[in-house]
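Observations on the three-dimensional arrangement
Each chain, written out:
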Amino acid sequence: MENLKKQLADHLPPVFAGTSLDSLTGDAVRWRTVQNLKSLKKIPEDCFKRQGTRKMLIIRDPFLDWWMQQLD
């Protein structure tokens with residue numbers, strides 16, 4: 001699993017728009033699903049940062065830490 005996390009960390013930028021999550025992960029992680037889980041407070045808030053009033057950014061490292069726990 002650590003190899004997978006390293007590969008994703010090498011591929012993903014440190015901060016990226018949530019709307020690009022599907023394409024950046026090859027649809028392995030879907031933005032719509034992440035939004036639903038975020039609204040249910042099942043993803044830590046430190047995985048996200050809001051830019052302006054609408055654009056939601058994903059912070060790579062805390063997000064990958066959370067996602068890897070979902071795979072175990």
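Quick look at the structure, then. (Residues numbered from 1 in each chain as written. Predicted model: local features only at pLDDT ≥ 70, side-chain atom pairs only at ≥ 80, totals over all residues. Heavy atoms only, no water.)

1. Observations regarding the pairing of strand β3 (residues 55-59)
Applied cut-off: A pair of strands counts as paired when DSSP detects no fewer than two bridges linking them. Counting from the N terminus, the helices are DSSP H or I runs at least four residues long and the strands are E runs at least two residues long.
Looking at chain direction, strand β1 (residues 15-17) and β3 are connected through three bridges and run antiparallel. Within β3, the residue paired with Phe16 across the bridge is Ile58. With four bridges connecting them, strand β2 (residues 48-51) and β3 associate as antiparallel partners. Across the sheet, the residue bridging to Gln51 is Lys55, located in β3. Hairpin connection between β2 and β3: a loop of three residues separates the two successive antiparallel strands, and Gly52 in this loop has a positive phi of roughly 70°.

2. A word on helix α4 (residues 60-71)
To keep it simple, the criterion reads: Here a helix's expected span is defined as the number of its residues, less one, multiplied by 1.5 Å. The rule is simple: take the accessible area with a 1.4 Å probe, protein chains only, and divide by the maximum for that residue type; under 20% is buried, over 50% is exposed, in between is partly exposed.
Here α4 contains twelve residues, and its C-alpha end-to-end distance of 16 Å stays within 8% of the 16 Å for a straight helix at 1.5 Å per residue. Three or more residues of α4 are buried, namely Arg60, Phe63, Leu64, Trp66, Trp67 and Met68.

3. Observations regarding unusual backbone geometry
Although it is not a glycine, Asp27 adopts a positive phi angle of roughly 65°. Mapped onto the fold, Asp27 is located in the loop between α2 (21-24) and α3 (31-39). Phi at Lys41 takes a positive value of approximately 60°, unusual for a residue other than glycine. With respect to the helices, strands and loops of the structure, Lys41 is situated in the loop between α3 and β2.

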